[in-house]
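# Topology and contacts: notes
Each chain, written out:
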Amino acid sequence: MRWLCALLLVWLALPVLAQQPSALARIDAARSSLVAEGRDRGKPRPMELRLVLDQPVPYRVYFLDGPPRLVADFREIDFSGADAAALSGRELVPALRWGRFRPGWSRLVMELPGPYALRAAVQGPAQGGGAAVALRIEPVGQDEFAPRDNALSALWDLPAPAAVAPVPRRIAERVLRVAIDPGHGGHDPGAQVGAIYEAAVMLGFARELTEVLSRAGFEVVATRSDDSFVPLERRMTLARAGKADLFISLHADALPAGEAAGLSIYTWNPQADDRATRDLAMRHDRSDLVAGLDLAGTDDQIADVLMDLARTETQPRSEAFAKFAVSELNRAGIVMHRRPVRGAAFSVLKSPDIPSVLIELGFLTDAGDRANLFDPEWRSRTAQAIARAVGLWAQDDAARAALSRK
Ligand SMILES: [Zn+2]
(Lines give C-alpha, C1' and ligand atoms only; values in the text may rest on other atoms or scores of the structure.)
Protein backbone atom coordinates (compact mmCIF):
# COMPACT_ATOMS: atom_id res chain seq x y z
CA MET A 1 0.00 0.00 0.00
CA ARG A 2 2.85 2.32 0.84
CA TRP A 3 4.29 2.17 -2.66
CA LEU A 4 0.91 2.87 -4.11
CA CYS A 5 0.78 6.07 -2.15
CA ALA A 6 4.27 6.92 -3.30
CA LEU A 7 3.24 6.28 -6.87
CA LEU A 8 0.19 8.43 -6.45
CA LEU A 9 2.24 11.23 -4.93
CA VAL A 10 4.63 11.14 -7.83
CA TRP A 11 1.74 11.29 -10.26
CA LEU A 12 0.08 14.11 -8.39
CA ALA A 13 3.33 16.04 -8.39
CA LEU A 14 3.71 15.68 -12.11
CA PRO A 15 1.75 18.63 -13.39
CA VAL A 16 3.71 20.89 -11.06
CA LEU A 17 6.95 20.11 -12.80
CA ALA A 18 7.47 22.42 -15.69
CA GLN A 19 7.86 20.78 -19.06
CA GLN A 20 11.22 21.67 -20.44
CA PRO A 21 11.22 23.03 -23.94
CA SER A 22 13.62 20.70 -25.74
CA ALA A 23 13.95 18.35 -28.65
CA LEU A 24 12.11 15.57 -26.84
CA ALA A 25 10.30 12.98 -28.86
CA ARG A 26 6.66 13.95 -29.27
CA ILE A 27 3.79 11.55 -29.45
CA ASP A 28 1.48 11.71 -32.45
CA ALA A 29 -1.69 10.76 -30.57
CA ALA A 30 -3.87 10.82 -33.68
CA ARG A 31 -1.79 8.06 -35.30
CA SER A 32 -1.38 6.05 -32.07
CA SER A 33 -3.85 3.40 -31.00
CA LEU A 34 -4.75 0.45 -28.84
CA VAL A 35 -6.20 -2.44 -30.82
CA ALA A 36 -7.62 -5.75 -29.60
CA GLU A 37 -7.65 -8.92 -31.64
CA GLY A 38 -10.65 -11.16 -32.24
CA ARG A 39 -14.21 -10.72 -31.13
CA ASP A 40 -15.21 -9.33 -27.77
CA ARG A 41 -16.53 -12.25 -25.70
CA GLY A 42 -16.10 -10.41 -22.45
CA LYS A 43 -12.72 -12.02 -21.88
CA PRO A 44 -9.25 -10.47 -22.10
CA ARG A 45 -7.99 -10.47 -25.67
CA PRO A 46 -4.52 -10.04 -27.21
CA MET A 47 -3.84 -6.35 -27.72
CA GLU A 48 -1.38 -4.15 -29.48
CA LEU A 49 -0.47 -0.73 -28.21
CA ARG A 50 1.00 1.36 -30.97
CA LEU A 51 2.62 4.70 -30.24
CA VAL A 52 3.75 6.89 -33.11
CA LEU A 53 6.56 9.29 -32.22
CA ASP A 54 8.41 11.89 -34.22
CA GLN A 55 11.73 10.19 -33.38
CA PRO A 56 12.85 6.91 -31.79
CA VAL A 57 13.42 6.79 -28.03
CA PRO A 58 14.95 4.23 -25.66
CA TYR A 59 12.28 2.56 -23.57
CA ARG A 60 11.51 -0.44 -21.46
CA VAL A 61 8.42 -2.36 -20.55
CA TYR A 62 7.39 -4.38 -17.53
CA PHE A 63 4.33 -5.35 -15.53
CA LEU A 64 3.05 -4.53 -12.07
CA ASP A 65 0.32 -6.30 -10.15
CA GLY A 66 -2.55 -5.21 -7.93
CA PRO A 67 -4.19 -4.35 -10.33
CA PRO A 68 -2.32 -5.82 -13.30
CA ARG A 69 -0.68 -3.00 -15.21
CA LEU A 70 1.70 -2.58 -18.08
CA VAL A 71 4.31 0.09 -17.46
CA ALA A 72 6.45 1.57 -20.22
CA ASP A 73 9.24 3.98 -19.33
CA PHE A 74 10.53 6.18 -22.11
CA ARG A 75 13.53 8.40 -22.32
CA GLU A 76 11.81 10.69 -23.11
CA ILE A 77 8.47 11.52 -24.68
CA ASP A 78 6.76 14.86 -24.51
CA PHE A 79 3.17 13.86 -23.81
CA SER A 80 2.02 17.40 -23.18
CA GLY A 81 -1.09 18.28 -25.10
CA ALA A 82 -1.83 14.61 -25.84
CA ASP A 83 -4.81 13.31 -23.90
CA ALA A 84 -4.50 9.62 -22.98
CA ALA A 85 -8.27 9.42 -22.59
CA ALA A 86 -8.67 10.30 -26.26
CA LEU A 87 -6.43 7.51 -27.56
CA SER A 88 -8.17 5.32 -30.09
CA GLY A 89 -9.06 2.03 -28.34
CA ARG A 90 -8.66 3.52 -24.87
CA GLU A 91 -11.95 1.88 -23.78
CA LEU A 92 -10.35 -1.59 -24.13
CA VAL A 93 -8.56 -1.18 -20.79
CA PRO A 94 -9.77 -0.02 -17.37
CA ALA A 95 -7.30 2.88 -17.22
CA LEU A 96 -4.55 4.49 -19.25
CA ARG A 97 -2.40 7.42 -18.31
CA TRP A 98 0.89 8.94 -19.35
CA GLY A 99 3.10 11.85 -18.51
CA ARG A 100 6.45 13.03 -17.33
CA PHE A 101 7.63 10.73 -14.57
CA ARG A 102 10.80 12.30 -13.35
CA PRO A 103 13.51 14.32 -15.07
CA GLY A 104 14.57 12.47 -18.19
CA TRP A 105 11.78 9.93 -17.99
CA SER A 106 8.21 9.66 -19.18
CA ARG A 107 5.92 6.88 -18.13
CA LEU A 108 2.88 5.23 -19.59
CA VAL A 109 0.75 3.06 -17.30
CA MET A 110 -2.00 0.91 -18.73
CA GLU A 111 -4.25 -0.97 -16.38
CA LEU A 112 -5.11 -4.37 -17.82
CA PRO A 113 -8.32 -6.41 -17.71
CA GLY A 114 -6.29 -9.36 -16.31
CA PRO A 115 -2.82 -10.85 -16.27
CA TYR A 116 -0.92 -10.39 -19.53
CA ALA A 117 2.54 -11.13 -20.93
CA LEU A 118 4.59 -9.16 -23.40
CA ARG A 119 4.91 -11.05 -26.67
CA ALA A 120 6.67 -8.45 -28.78
CA ALA A 121 8.18 -5.02 -28.33
CA VAL A 122 9.27 -3.47 -31.57
CA GLN A 123 10.40 0.00 -32.49
CA GLY A 124 10.80 0.82 -36.13
CA PRO A 125 10.13 3.48 -38.70
CA ALA A 126 6.48 4.54 -38.89
CA GLN A 127 4.65 4.85 -42.16
CA GLY A 128 4.44 8.49 -42.99
CA GLY A 129 7.52 9.40 -40.94
CA GLY A 130 8.72 9.14 -37.38
CA ALA A 131 9.06 6.00 -35.31
CA ALA A 132 6.48 3.58 -34.02
CA VAL A 133 6.67 1.56 -30.81
CA ALA A 134 4.45 -1.51 -30.99
CA LEU A 135 3.83 -3.51 -27.82
CA ARG A 136 1.94 -6.74 -28.31
CA ILE A 137 0.54 -8.35 -25.18
CA GLU A 138 -1.44 -11.54 -24.68
CA PRO A 139 -3.60 -12.70 -21.78
CA VAL A 140 -1.95 -15.38 -19.63
CA GLY A 141 -2.85 -17.34 -16.52
CA GLN A 142 -1.96 -15.89 -13.14
CA ASP A 143 0.91 -18.39 -12.90
CA GLU A 144 2.46 -17.04 -16.10
CA PHE A 145 2.01 -13.41 -15.13
CA ALA A 146 5.41 -11.98 -14.27
CA PRO A 147 5.02 -8.62 -12.59
CA ARG A 148 7.91 -6.93 -10.87
CA ASP A 149 7.58 -8.03 -7.29
CA ASN A 150 8.97 -4.78 -6.01
CA ALA A 151 7.07 -1.81 -7.28
CA LEU A 152 9.47 0.51 -5.50
CA SER A 153 12.22 -0.77 -7.72
CA ALA A 154 9.97 0.03 -10.62
CA LEU A 155 9.86 3.55 -9.30
CA TRP A 156 13.51 4.12 -8.62
CA ASP A 157 15.46 1.42 -10.33
CA LEU A 158 15.24 2.91 -13.76
CA PRO A 159 18.03 1.84 -16.08
CA ALA A 160 20.88 4.12 -16.93
CA PRO A 161 19.59 5.15 -20.30
CA ALA A 162 21.54 5.13 -23.48
CA ALA A 163 21.83 8.73 -24.57
CA VAL A 164 20.88 8.26 -28.17
CA ALA A 165 21.71 11.40 -30.05
CA PRO A 166 20.01 11.87 -33.40
CA VAL A 167 23.40 12.78 -34.85
CA PRO A 168 26.21 10.50 -33.70
CA ARG A 169 28.40 12.33 -31.23
CA ARG A 170 31.77 12.91 -32.78
CA ILE A 171 34.95 14.31 -31.41
CA ALA A 172 34.54 18.05 -31.28
CA GLU A 173 37.24 20.60 -30.63
CA ARG A 174 37.59 19.43 -27.07
CA VAL A 175 40.09 16.91 -25.74
CA LEU A 176 39.34 13.32 -26.65
CA ARG A 177 38.21 11.26 -23.70
CA VAL A 178 38.89 7.54 -23.40
CA ALA A 179 37.14 5.22 -20.96
CA ILE A 180 39.57 2.60 -19.67
CA ASP A 181 37.87 -0.44 -18.24
CA PRO A 182 40.07 -2.90 -16.35
CA GLY A 183 38.12 -6.16 -16.50
CA HIS A 184 36.72 -7.92 -13.41
CA GLY A 185 37.50 -6.90 -9.80
CA GLY A 186 36.19 -7.46 -6.28
CA HIS A 187 34.54 -10.84 -5.84
CA ASP A 188 35.20 -11.52 -9.51
CA PRO A 189 38.96 -12.06 -9.90
CA GLY A 190 38.64 -13.05 -13.57
CA ALA A 191 41.02 -15.67 -14.91
CA GLN A 192 43.39 -17.22 -12.40
CA VAL A 193 46.63 -19.02 -13.06
CA GLY A 194 48.47 -19.94 -9.87
CA ALA A 195 48.71 -16.77 -7.83
CA ILE A 196 48.04 -14.55 -10.84
CA TYR A 197 44.64 -12.87 -11.09
CA GLU A 198 43.37 -11.23 -14.25
CA ALA A 199 41.61 -8.47 -12.28
CA ALA A 200 44.84 -7.35 -10.62
CA VAL A 201 46.98 -7.59 -13.75
CA MET A 202 44.43 -5.52 -15.70
CA LEU A 203 44.24 -2.86 -13.01
CA GLY A 204 48.02 -2.50 -13.20
CA PHE A 205 48.04 -2.27 -16.99
CA ALA A 206 45.12 0.19 -16.95
CA ARG A 207 47.13 2.51 -14.70
CA GLU A 208 50.09 2.41 -17.07
CA LEU A 209 47.88 2.95 -20.11
CA THR A 210 46.14 5.85 -18.35
CA GLU A 211 49.48 7.51 -17.76
CA VAL A 212 50.56 7.07 -21.39
CA LEU A 213 47.23 8.40 -22.67
CA SER A 214 47.32 11.38 -20.32
CA ARG A 215 50.83 12.25 -21.40
CA ALA A 216 49.67 12.05 -25.02
CA GLY A 217 47.05 14.69 -24.20
CA PHE A 218 43.94 12.55 -23.81
CA GLU A 219 41.57 12.51 -20.89
CA VAL A 220 40.81 9.20 -19.23
CA VAL A 221 37.69 7.98 -17.45
CA ALA A 222 38.31 4.85 -15.36
CA THR A 223 35.49 2.40 -14.74
CA ARG A 224 37.30 1.17 -11.65
CA SER A 225 40.49 2.31 -9.96
CA ASP A 226 40.75 -0.29 -7.23
CA ASP A 227 39.90 -3.92 -6.61
CA SER A 228 36.15 -3.50 -6.48
CA PHE A 229 33.35 -5.21 -8.32
CA VAL A 230 31.68 -3.07 -10.96
CA PRO A 231 28.75 -4.61 -12.88
CA LEU A 232 29.10 -4.59 -16.65
CA GLU A 233 26.19 -2.26 -17.24
CA ARG A 234 27.58 0.16 -14.68
CA ARG A 235 30.88 0.24 -16.55
CA MET A 236 29.10 1.47 -19.67
CA THR A 237 27.12 3.97 -17.62
CA LEU A 238 30.29 5.34 -16.06
CA ALA A 239 31.82 5.79 -19.51
CA ARG A 240 28.71 7.58 -20.72
CA ALA A 241 28.50 9.77 -17.63
CA GLY A 242 32.16 10.65 -18.17
CA LYS A 243 31.34 11.62 -21.77
CA ALA A 244 33.82 9.11 -23.15
CA ASP A 245 34.43 9.14 -26.91
CA LEU A 246 35.89 5.65 -26.90
CA PHE A 247 35.61 2.69 -24.54
CA ILE A 248 38.48 0.23 -24.10
CA SER A 249 37.96 -2.82 -21.91
CA LEU A 250 41.11 -4.66 -20.85
CA HIS A 251 41.28 -8.39 -20.28
CA ALA A 252 43.68 -11.32 -20.21
CA ASP A 253 41.46 -14.35 -19.93
CA ALA A 254 42.07 -18.05 -19.67
CA LEU A 255 41.43 -20.61 -22.36
CA PRO A 256 42.57 -24.24 -22.39
CA ALA A 257 46.31 -24.28 -23.08
CA GLY A 258 47.20 -24.24 -26.75
CA GLU A 259 43.88 -22.75 -27.81
CA ALA A 260 44.77 -19.13 -27.72
CA ALA A 261 47.82 -16.96 -27.62
CA GLY A 262 48.64 -13.39 -28.55
CA LEU A 263 46.79 -10.14 -28.30
CA SER A 264 43.34 -9.83 -29.86
CA ILE A 265 40.75 -7.10 -30.16
CA TYR A 266 37.03 -7.66 -30.01
CA THR A 267 34.14 -5.55 -31.20
CA TRP A 268 30.47 -6.21 -30.49
CA ASN A 269 28.96 -9.03 -32.51
CA PRO A 270 26.20 -11.17 -31.00
CA GLN A 271 26.50 -13.59 -33.91
CA ALA A 272 30.08 -14.54 -33.13
CA ASP A 273 30.00 -18.28 -33.59
CA ASP A 274 33.43 -19.15 -32.35
CA ARG A 275 33.01 -21.44 -29.37
CA ALA A 276 35.97 -20.17 -27.37
CA THR A 277 34.76 -16.58 -27.74
CA ARG A 278 31.25 -17.53 -26.69
CA ASP A 279 32.63 -19.23 -23.59
CA LEU A 280 34.59 -16.12 -22.72
CA ALA A 281 31.56 -13.87 -23.16
CA MET A 282 29.48 -16.16 -20.96
CA ARG A 283 32.15 -16.18 -18.30
CA HIS A 284 32.23 -12.39 -18.29
CA ASP A 285 28.48 -12.17 -17.82
CA ARG A 286 28.44 -14.83 -15.14
CA SER A 287 30.04 -12.61 -12.51
CA ASP A 288 27.13 -10.22 -12.91
CA LEU A 289 24.70 -13.07 -12.47
CA VAL A 290 26.49 -14.12 -9.31
CA ALA A 291 26.09 -10.58 -8.03
CA GLY A 292 22.35 -10.86 -8.59
CA LEU A 293 22.27 -8.69 -11.68
CA ASP A 294 20.67 -9.87 -14.82
CA LEU A 295 21.82 -8.42 -18.09
CA ALA A 296 19.54 -10.67 -20.06
CA GLY A 297 16.65 -8.75 -18.53
CA THR A 298 14.33 -11.67 -17.90
CA ASP A 299 12.30 -9.74 -15.35
CA ASP A 300 11.67 -6.85 -17.67
CA GLN A 301 12.11 -6.54 -21.34
CA ILE A 302 14.52 -3.94 -22.49
CA ALA A 303 13.79 -3.21 -26.07
CA ASP A 304 16.94 -3.59 -28.07
CA VAL A 305 15.67 -2.36 -31.37
CA LEU A 306 16.66 1.22 -30.89
CA MET A 307 20.01 0.13 -29.55
CA ASP A 308 20.57 -1.76 -32.77
CA LEU A 309 19.65 1.30 -34.80
CA ALA A 310 22.14 3.46 -32.96
CA ARG A 311 24.75 0.73 -33.11
CA THR A 312 24.75 0.76 -36.90
CA GLU A 313 26.36 4.21 -36.59
CA THR A 314 28.75 3.22 -33.84
CA GLN A 315 29.84 -0.21 -35.00
CA PRO A 316 31.97 0.93 -37.98
CA ARG A 317 33.68 3.40 -35.66
CA SER A 318 34.53 0.61 -33.19
CA GLU A 319 35.85 -1.49 -36.06
CA ALA A 320 37.90 1.43 -37.35
CA PHE A 321 39.57 1.78 -33.96
CA ALA A 322 40.32 -1.95 -33.89
CA LYS A 323 42.06 -1.65 -37.28
CA PHE A 324 44.19 1.30 -36.17
CA ALA A 325 45.11 -0.59 -33.01
CA VAL A 326 46.14 -3.73 -34.90
CA SER A 327 48.28 -1.77 -37.31
CA GLU A 328 50.00 0.21 -34.52
CA LEU A 329 50.52 -2.90 -32.39
CA ASN A 330 51.97 -4.69 -35.41
CA ARG A 331 54.36 -1.83 -36.03
CA ALA A 332 55.39 -2.04 -32.39
CA GLY A 333 56.21 -5.71 -32.85
CA ILE A 334 53.51 -6.99 -30.49
CA VAL A 335 52.65 -10.61 -31.22
CA MET A 336 48.98 -11.03 -31.98
CA HIS A 337 46.45 -13.79 -32.25
CA ARG A 338 46.24 -15.29 -35.74
CA ARG A 339 42.86 -13.52 -36.13
CA PRO A 340 43.59 -10.28 -34.28
CA VAL A 341 40.17 -8.62 -34.75
CA ARG A 342 37.09 -10.63 -33.91
CA GLY A 343 33.47 -10.17 -32.99
CA ALA A 344 32.08 -11.26 -29.64
CA ALA A 345 28.92 -10.91 -27.60
CA PHE A 346 30.73 -9.28 -24.71
CA SER A 347 27.99 -7.38 -22.88
CA VAL A 348 30.35 -4.61 -21.91
CA LEU A 349 30.66 -3.70 -25.62
CA LYS A 350 26.93 -3.12 -26.00
CA SER A 351 26.90 0.68 -25.69
CA PRO A 352 24.95 1.86 -28.69
CA ASP A 353 26.52 5.30 -28.67
CA ILE A 354 30.17 4.88 -27.67
CA PRO A 355 32.59 3.06 -29.96
CA SER A 356 33.82 0.17 -27.82
CA VAL A 357 36.48 -2.50 -28.03
CA LEU A 358 37.67 -5.21 -25.70
CA ILE A 359 41.37 -5.95 -25.83
CA GLU A 360 42.52 -9.36 -24.70
CA LEU A 361 46.11 -8.39 -24.03
CA GLY A 362 46.94 -12.07 -24.03
CA PHE A 363 45.82 -15.25 -22.37
CA LEU A 364 46.94 -15.97 -18.85
CA THR A 365 46.90 -19.65 -19.79
CA ASP A 366 49.69 -19.09 -22.32
CA ALA A 367 53.19 -19.00 -20.84
CA GLY A 368 54.46 -16.55 -23.47
CA ASP A 369 51.54 -14.16 -22.94
CA ARG A 370 52.00 -14.39 -19.18
CA ALA A 371 55.66 -13.48 -19.51
CA ASN A 372 54.71 -10.49 -21.70
CA LEU A 373 52.16 -9.22 -19.19
CA PHE A 374 54.85 -9.23 -16.50
CA ASP A 375 57.41 -7.57 -18.76
CA PRO A 376 57.41 -3.77 -18.19
CA GLU A 377 59.00 -3.17 -21.59
CA TRP A 378 56.25 -5.15 -23.38
CA ARG A 379 53.54 -3.35 -21.41
CA SER A 380 55.01 0.04 -22.22
CA ARG A 381 55.30 -0.74 -25.95
CA THR A 382 51.71 -2.01 -25.98
CA ALA A 383 50.36 1.03 -24.13
CA GLN A 384 52.24 3.41 -26.47
CA ALA A 385 50.86 1.63 -29.53
CA ILE A 386 47.30 1.81 -28.17
CA ALA A 387 47.74 5.53 -27.44
CA ARG A 388 48.99 6.16 -31.00
CA ALA A 389 46.00 4.23 -32.34
CA VAL A 390 43.67 6.42 -30.27
CA GLY A 391 45.20 9.55 -31.82
CA LEU A 392 45.06 8.24 -35.40
CA TRP A 393 41.51 6.99 -34.93
CA ALA A 394 40.37 10.34 -33.50
CA GLN A 395 41.72 12.19 -36.54
CA ASP A 396 40.18 9.72 -38.94
CA ASP A 397 36.87 9.76 -37.07
CA ALA A 398 36.70 13.56 -37.11
CA ALA A 399 37.49 13.60 -40.83
CA ARG A 400 34.74 11.08 -41.54
CA ALA A 401 32.30 13.07 -39.46
CA ALA A 402 33.14 16.20 -41.43
CA LEU A 403 32.63 14.29 -44.69
CA SER A 404 29.29 12.88 -43.63
CA ARG A 405 28.07 16.37 -42.74
CA LYS A 406 28.70 17.62 -46.28
ZN1 LIG B 1 38.25 -11.15 -18.59
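It should be noted that the structure appears before, not after, this text.
The paragraphs below set out a description of the structure included in this document.

What counts as what
Within each chain, residues carry numbers counting from 1 in the order of the written sequence. Only residues with pLDDT of at least 70 get local features here, since the model is predicted, and only at 80 or more are side-chain atom pairs given and counted; chain-wide, interface and lining totals rely on the full set of residues. Only hydrogens and water are removed before side-chain values are computed, so all heavy atoms of the structure are retained for them. By definition, any uninterrupted DSSP run of H or I lasting at least four residues is a helix, any uninterrupted run of E lasting at least two residues is a strand, and each is numbered from the N terminus. Think of it in three bands: with a 1.4 Å probe and only protein chains considered, a residue is buried below 20% of the maximum accessible area for its type, exposed above 50%, and partly exposed in between. By definition, residues are in contact when any of their heavy atoms lie within 4.5 Å. Accessible areas in this description were obtained via Shrake-Rupley with a 1.4 Å probe; residue shielding takes into account the shown protein chains only. Polar contacts here mean pairs of N or O atoms no more than 3.5 Å apart (in protein, one a potential hydrogen donor and the other a potential acceptor; neighbouring residues in sequence count only if both atoms are side-chain atoms). Two strands qualify as a pair provided DSSP detects at least 2 bridges between them. All axes are obtained by fitting lines to C-alpha atoms, using only the stretch in contact for helices, and the reported angles, taken between N-to-C directions, cover 0 to 180 degrees. A pairing counts as a salt bridge when a side-chain nitrogen of Lys or Arg comes within 4 Å of a carboxyl oxygen of Asp or Glu. Here, nonpolar core means buried Ala, Val, Leu, Ile, Met, Phe, Trp, Tyr and Cys residues that are tied together by side-chain atoms lying within 4.5 Å of each other. When the centres of two rings from Phe, Tyr and Trp lie within 6.5 Å, Trp using its six-membered ring, the rings pair. Their planes under 30 degrees apart give stacked, over 60 give edge-to-face, and anything left gives tilted.

### A closer look at the overall build of the chain
The helix and strand tally for the chain stands at 8 helices and 19 strands. Looking at the chain as a whole, 50% of its 406 residues are labelled buried. Across the chain, every contact between residues at least 6 apart in sequence was considered, and the portion connecting residues at least 24 apart equals 77%. As displayed, the chain offers around 18800 Å² of accessible surface, 55% of which is attributable to carbon and sulfur atoms.

### Remarks on the environment of Y266
Relative to the elements of secondary structure, Y266 occurs in strand β16 (residues 263-268). Y266 gets classed as buried once you look at its relative accessible area, which sits at 1%. Remark: the alpha-carbon pair of Y266 and E360, spanning 94 residues in sequence, is separated by 7.8 Å. In contact with Y266, not counting residues within four places along its chain, are T277, L280, R342, G343, A344, F346, L349, S356, V357, L358, E360 and F363. At a separation of 3.3 Å, a polar atom in the side chain of Y266 contacts the side chain of R342.

### Considerations on the sheet that holds strand β3 (residues 47-53)
Strand order in this open sheet of 4 strands is β2-β3-β10-β9, and the pairing throughout is antiparallel. The sheet is open, and its two edges are formed by β2 (33-36) and β9 (116-125), each paired on a single side. Direction aside, the axes of adjacent strands within the sheet are offset by 15° on average.

### Some details on the environment of D353
Summarising the element assignment, D353 is placed in the loop between β18 (336-344) and β19 (356-360). Taking the C-alpha atoms as reference points, D353 and Q315, 38 residues apart in sequence, are found 9.0 Å from one another.

### Things to note about the pattern of salt bridges
According to the stated counting rule, one finds 17 salt bridges in the structure shown. Here R136 and E37 are joined by a salt bridge, their closest N and O atoms 2.2 Å apart. Taken together, the positions of R136 in strand β10 (residues 131-139) and E37 in the loop between β2 and β3 put the pair 99 residues apart, joining distant regions of the chain. Through salt bridges that share partners, E37, R119, R136, E138 and E144 make up one connected network.

### With respect to unusual backbone geometry
The phi angle at H184 is positive, at roughly 65°, despite the residue not being glycine. Secondary-structure assignment places H184 in the loop between β11 (177-182) and β12 (192-193). A relative accessible area of 7% places H184 in the buried class. One non-glycine residue, K243, lies in the positive phi region at around 55°. By secondary structure assignment, the location of K243 is in the loop between α4 (232-241) and β15 (246-251).

### Digging into α4
All of the buried residues along α4 are L232, R235, M236, T237, A239 and R240. Remark: K243 follows α4 within two positions and exhibits a positive phi of approximately 55°.

### Details of the pairing of β9
Pairing geometry for β9 and β10, over 9 bridges, is antiparallel. The residue of β10 that forms the bridge with G124 is A132. In this antiparallel pair of consecutive strands, β9 and β10, the connection spans 5 residues, and G128 shows a positive phi of 85°.

### Brief notes about the nonpolar core
The biggest cluster of nonpolar side chains holds 43 residues, and the ones touching the most others in it are I248, L250, F321 and V390. When contributions to this core are tallied by element, the ones reaching two or more residues are β11, α3 (198-215), β15, β16, α6 (305-331), β19 and α8 (376-405). With residues near it in sequence (within four places) discarded, I248 still touches V178, A179, I180, D181, F321, V357, I359, I386 and V390. Among the nonpolar cores identified, the runner-up in size contains 33 residues, and L34, L87, V93 and V133 belong to it.

### A word on the packing of aromatic side chains
Applying the stated criterion across every chain, the model contains 5 aromatic pairs. Taking the centre distance of 6.4 Å and the plane angle of 75° together, the rings of F74 and F79 count as edge-to-face. Comparing F74 with F79, the two get one shared label, buried. These aromatic residues form a ring-pair network of at least three members: F74, F79 and W98.

### A word on the sheet that holds β18
Pairing between the strands of a sheet is mediated by backbone hydrogen bonds and can be parallel or antiparallel. One open sheet accounts for 6 strands, arranged β14-β11-β15-β19-β16-β18; its pairing is mixed. The open sheet terminates on both sides in strands that have one partner only, identified here as β14 (219-222) and β18. Across the sheet, the mean angle from the axis of one strand to that of its neighbour is 25°, orientation sign disregarded. Sheet topology note: the β16/β18 ladder contains 5 bridges and is parallel.

### Quick look at the side chain of R317
Looking at the element boundaries, R317 is found in helix α6. With a relative accessible area of 5%, R317 lands in the buried category. At 2.8 Å, the side chain of R317 and the side chain of D397 are in polar contact.

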